[in-house]
Amino acid sequence: MRITANQKQEIADATLVKLDALASRRQVWQREFYDKSNKVLYALLSECLGMYYEIKGSSAEKVVLENIKLTLDSRGVKVTASTPVLTLIVKYVFNAERRRASAYSRALRVAAKGAISVGNFAEWVTKIGGIEEVTRT
């Protein structure tokens with residue numbers, strides 16, 4: 001059975017109505033959940049950055065890092081002797097798998113290299129366009 005041009009247009013119009021409804025729901029999700037979730041994530045990451053600033057170069061750095069590694073090992077989280085400090089902190093706090101830990105750690109390393117303050121971290125990430133955009137810099 002062939003469908004007419006009018007029927008095809010009706011199908012297209014109905015499809016667009018459904019897609020518009022989905023787009024509206026996505027806007028609500030983004031505003032109510034995603035954006036708020038990112039704000040909380042950025043706050044946590046900024047505190048991780050603060051811990052890095054506290055640990056790095058301190059007189060207890062070696063002992064602190066050894067204890068972090070021991071704790072991660074006891075959790076079954078893989079680390080090596082060469083795992084960067086920020087990655088250790090991220091793995092400790094987020095108990096994240098390798099890819100996520102790497103992305104968060106990379107963003108924090110970029111921030112540390114740029115001497116971004118803990119208080120400005122969230123705004124800085126948002127201004128750049130998010131964690132993924134920071135990791136590309």
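Fair warning: this is a prediction, and the values are worked out from it, not measured in the lab.

What counts and what doesn't
- Residues numbered from 1 in each chain as written.
- Predicted model: local features only at pLDDT ≥ 70, side-chain atom pairs only at ≥ 80, totals over all residues.
- Heavy atoms only, no water.
- Helix = DSSP H or I, 4+ residues; strand = E, 2+ residues; numbered from the N terminus.
- Rg over C-alpha atoms; globule rule 2.2 N^0.38 Å.
- Buried < 20%, exposed > 50% of the residue type's maximum accessible area, 1.4 Å probe, protein only.
- Contact = heavy atoms within 4.5 Å.
- Areas by Shrake-Rupley, 256 points an atom, 1.4 Å probe, with all protein chains shown as cover.
- Lys, Arg positive; Asp, Glu negative; His and termini not counted.
- Charge placed at Lys NZ, Arg CZ, Asp CG, Glu CD.
- Polar contact = N/O pair within 3.5 Å; in protein donor to acceptor, adjacent residues only side chain to side chain.
- Salt bridge = Lys/Arg side-chain N within 4 Å of Asp/Glu carboxyl O.

**Q** What's the story with the overall build of the chain in this structure? I'm lost.
**A** Secondary structure summary: the chain contains 6 helices and 0 strands in total. Helices (α) and strands (β) of the chain occur, in sequence order from the N terminus, as α-α-α-α-α-α. Here the C-alpha radius of gyration of the chain, 22 Å, is well above what a compact globule of 137 residues would show, namely 14 Å. Its C-alpha atoms give the chain principal-axis dimensions of roughly 80 × 35 × 25 Å. Counting across all 137 residues of the chain, residues that qualify as buried make up 28%. Within the chain, contacts between residues at least 6 apart in sequence are counted, and of these 54% link residues at least 24 apart. Of the accessible surface of the chain, which amounts to about 9,700 Å², a share of 55% is contributed by carbon and sulfur atoms. In the chain, 22 side chains carry a positive charge and 14 a negative one; their mean positions are 6 Å apart.

**Q** Explain the side chain of Thr 83 here, please?
**A** The residue Thr 83 is located in the loop between helix H2 (61-75) and helix H3 (85-94) in this model. A relative accessible area of 14% means that Thr 83 is categorised as buried. There is a polar contact of 2.8 Å between the side chain of Thr 83 and the backbone nitrogen of Thr 80.

**Q** I keep staring at the pattern of salt bridges and nothing clicks. Help me out?
**A** Any two side chains of opposite charge can pair, so long as their charged atoms come close to each other. Under the counting rule described, the total for this entry stands at 4 salt bridges. When the shortest N-O distance is used, the salt bridge between Lys 36 and Glu 32 registers 3.5 Å. Taken as a pair, Lys 36 and Glu 32 lie in helix H1 (residues 5-55) at a separation of 4 residues, close to a single helical turn. A relative accessible area of 46% means that Lys 36 is categorised as partly exposed.

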